[in-house]
Amino acid sequence: MFKYRLLTPGPTPVPEEILLELARPVPHHRTPEARQVLAEVTEGLRYVFQTKHDVIPLTCSGTGAMEAALVHAAPRGAKALCLVAGKFGERWHHIWRTFGVESVAVTVPPGQVVTPAMLEAALRQHPDTQAVCAVHCETSTGVKHDLQALGELVARTNAVFVVDAVSSAGAMELRMDDWQIDFLATGSQKALMLPPGLAFVAVSEKGWQMAQRHQPPTFYFDLKKARQKIREHDTPFTPAHTLLRALCKSLARIRSEGIEAIWSRHARLAYACRAGFRALGLEIFASVPAEGLTAVRVPAQLDGQELLRHVEKHYGVKLAGGQDQLKGKIFRVAHMGYMDFFDILAAIAAVELALRDFGLAITLGAGLAAAQRAYAEFSHP
Ligand SMILES: *Cc1c(COP(=O)(O)O)cnc(C)c1O
């Protein structure tokens, strides 16, 4: 028998009190109580996004919120720049194309980040760009983008800055207004400690102006209508309101810990996690690692998929593998949301045992000791 440990970068574990909230009977959604829930949720999400703008809840996964943002951010025929450092950056490029936006990808090899200098050069080359799309934490490779620097560059132009913060909001430092982000999207099943099913998008003044200039090709994701409704603490369609009620609980947890303390806690987990795997002689995949997850290169002589199956089957720890061309080459350990240092230790211990099972010369406990030392010595920024 194992205690199953879900340590993937989405979905993530859900705290017990939130699971209990989800077990309560389903209420009706056009009631004063439901309005109260929406009022609380939008206030709490403003705090998570660090914005004064309306945060609009949508019933869909994270990709839905990105699609909602993109169809408002640029009209058919416009030109957009997509900063691509992995699978999620690529996804946004595909969404633009689906809606007839000419998307120019600025692509870096997996494990690298798109730098502000690259964006600057691309903007110079494409001065008619109307939107720039970036992924904060590129979950497929574990890299983090410097949104503040990228946002500064976009803000000097007429283009809007669209950001996927699905795996970073609630884990990594994120300041929508200060970093001049015009469209910010996230989902429920990552650092917000909920099951999948909800997504959120906030829009700046510049973003709304862009959206007013055209008729976004969408019915369900009409953000103008949704904004009007959310201001009355309502939604255009039936929301996943049992999830919204659960979100109130998770936002209350976030509030009581404090968003900056949360960012710092995640930074500490990331720091300890990286130290642990490095001490085993493994390489951290990301050149600029994110605080929400750690991607580790699988030793060349092993098949990463087999390694992860072994870790799950024999030690009950669910880690994520690599996707597409990274399949079998990396594994990813999440440390976002309802995960703590002892979950990280479990991941490191399970990998140590598995590597030993596969015949690698591993000193059991080497990764654990290094992670503990790093955790103990971490100085808060
Ligand atoms: C999980 C994730 C998404 C959204 O995926 P969905 O399956 O649609 O919820 C988008 N971007 C990033 C960076 C993610 O990690």
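No experiment lies behind these values; they were computed from the predicted model shown.

**Q** Just checking my understanding: could you explain the overall build of the protein for this structure?
**A** Looking only at helices and strands, the protein has 13 helices and 14 strands in total. In terms of overall dimensions, the protein is globule-like: its C-alpha atoms have a radius of gyration of 21 Å, near the 21 Å expected for 381 residues. Burial statistics for the protein: of 381 residues in total, 58% are counted as buried. Carbon together with sulfur atoms contributes 52% to the accessible area of the protein, which is approximately 15,700 Å² in total. Charge separation in the protein, taken as the distance between the mean sites of 41 positive and 37 negative side-chain charges, equals 3 Å.

**Q** Just checking my understanding: could you explain the packing of helix α7 (residues 205-212) against helix α8 (residues 223-231) for this structure?
**A** In a pair of packed helices, the angle between the axes and the distance between the axes together describe the arrangement. Taken N-terminus to C-terminus, the directions of α7 and α8 make an angle of 130°; their axes are 11 Å apart at the nearest point. Looking at the two axes, α7 sits oblique to α8. Residues W208, A211 and Q212 of α7 lie in contact with α8, whose contacting residues are L223, K224 and R227.

**Q** Got a minute to help me understand the side chain of H53 in this structure?
**A** Along the chain, H53 falls in the loop between α2 (32-49) and β2 (55-59). The buried category is assigned to H53, whose relative accessible area is 13%. Setting aside its immediate chain neighbours within four residues, H53 contacts R46, M176, D177, V203, S204 and E205.

**Q** Just to check I follow, could you spell out the pattern of salt bridges for this structure?
**A** Pairing of side chains with opposite charge becomes possible as their charged atoms draw close. Taken as a whole and assessed by the stated rule, the structure comprises 17 salt bridges. For the salt bridge of K249 with E21, the shortest nitrogen-to-oxygen distance reads 3.9 Å. Here the residue K249 occupies a position in helix α9 (residues 241-257), and E21 occupies one in helix α1 (residues 16-22), the gap between them amounting to 228 residues. With a relative accessible area of 7%, E21 lands in the buried category. E173 is paired through a salt bridge with R175; the nearest N and O atoms lie 2.7 Å apart. A residue is classified by how much of its surface remains accessible, and E173, at 38% relative accessible area, is partly exposed. With a relative accessible area of 18%, R175 lands in the buried category. Look at the salt bridges and you will find they share partners, linking E21, R24, R245 and K249 into a network.

**Q** How do you make sense of the site of the ligand when you look at a structure like this?
**A** In the vicinity of the ligand, 14 residues are found, and the nearest of them are S61, T63, T139, D164 and K190. At a separation of 2.5 Å, an oxygen atom of the ligand approaches a polar side-chain atom of S61. Among the elements that take part in the shell around the ligand, helix α4 (residues 87-98) stands out by supplying three residues, more than any other. Partitioned by chemical class, the residues of the shell around the ligand number five nonpolar, six polar and three charged.

**Q** Honestly, the sheet that holds strand β13 (residues 320-321) in this entry has me stumped. Any pointers?
**A** The strands making up a sheet are joined through hydrogen bonds of the backbone, oriented either antiparallel or parallel. What the three strands build is an open sheet, ordered β11-β14-β13; its pairing is antiparallel. The open sheet has two free edges, formed respectively by β11 (293-297) and β13, since each of these has just one partner strand. Where β13 meets strand β14 (residues 330-334), two bridges bridge the pair, whose relative direction is antiparallel. Bridge pairing links A320 to R332 in β14.

**Q** Help me understand helix α11 (residues 304-315), please; the structure alone is not making it clear to me.
**A** Owing to its 3.6 residues per turn, the α-helix brings residues three or four apart onto one side. For α11, spanning 12 residues, the distance from its first C-alpha to its last is 16 Å, which sits close to the expected 16 Å at 1.5 Å a residue. Of all the residues in α11, the buried ones are G304, L307, L308, H310 and V311. For α11, the buried positions fall inside an angular range of 155° around the axis, keeping them on one side. In α11, the exposed positions angled more than 90 degrees off the buried face are occupied by R309 and K313. Those residues of α11 that are buried lie in contact with β12 (317-318), β13, β14 and α12 (341-357). Two residues or fewer past α11, G316 is found with a positive phi of approximately 70°.

**Q** Sorry if this is basic, but what is going on with the domain arrangement of the protein here?
**A** Interfaces are often sized by the amount of accessible area the parts lose when they come together. Segmentation of the protein into domains returns domain 1 (5-10 + 259-377) and domain 2 (16-256). With 26 residues of domain 1 at the contact, the number on the domain 2 side is 29 residues. Carbon and sulfur atoms make up 60% of the area that domain 1 and domain 2 hide from each other, which totals about 2,400 Å². The largest contributions to the domain 1 side of the interface with domain 2 come from I259, W263 and Y338, which together make up 27% of the buried area. At the junction of domain 1 and domain 2, the tally comes to three salt bridges. When the shortest N-O distance is used, the salt bridge between E260 and R175 registers 3.2 Å. Tallying contributions element by element places helix α10 (residues 259-279) first for the side of domain 1 that touches domain 2, with five residues. Of the residues in the side of domain 1 that touches domain 2, the class split is 15 nonpolar, seven polar and four charged.

**Q** How do you make sense of the sheet that holds strand β8 (residues 160-164) when you look at a structure like this?
**A** Taking strand neighbours across the sheet as the criterion, the seven strands line up as β2-β10-β9-β8-β5-β3-β4 in an open arrangement whose pairing is mixed. Edge positions in the open sheet fall to β2 and β4 (102-107), since each of these has one partner strand only. For this sheet, the mean angle separating the axes of adjacent strands, direction not counted, is 20°. Sitting on the sheet, α8 is in contact with β2 and β10 (198-203), with an inclination near 110° to β2.

Quick notes on the rules
Residues numbered from 1 in each chain as written. Predicted model: local features only at pLDDT ≥ 70, side-chain atom pairs only at ≥ 80, totals over all residues. Heavy atoms only, no water. Helix = DSSP H or I, 4+ residues; strand = E, 2+ residues; numbered from the N terminus. Rg over C-alpha atoms; globule rule 2.2 N^0.38 Å. Buried < 20%, exposed > 50% of the residue type's maximum accessible area, 1.4 Å probe, protein only. Areas by Shrake-Rupley, 256 points an atom, 1.4 Å probe, with all protein chains shown as cover. Lys, Arg positive; Asp, Glu negative; His and termini not counted. Charge placed at Lys NZ, Arg CZ, Asp CG, Glu CD. Axes fitted to C-alpha atoms, helices over the stretch in contact; angles between N-to-C directions. Parallel < 35°, antiparallel > 145°, perpendicular 65-115°, else oblique. Contact = heavy atoms within 4.5 Å. Salt bridge = Lys/Arg side-chain N within 4 Å of Asp/Glu carboxyl O. Near = heavy atom within 4 Å. Polar contact = N/O pair within 3.5 Å; in protein donor to acceptor, adjacent residues only side chain to side chain. Nonpolar A, V, L, I, M, F, W, Y, C, P; charged D, E, K, R; others polar. Pairing = 2+ DSSP bridges. Expected span 1.5 Å × (residues − 1). Arc of directions from axis to C-beta. Domains from an automatic or database assignment. Buried area = accessible area lost by both parts, 1.4 Å probe.

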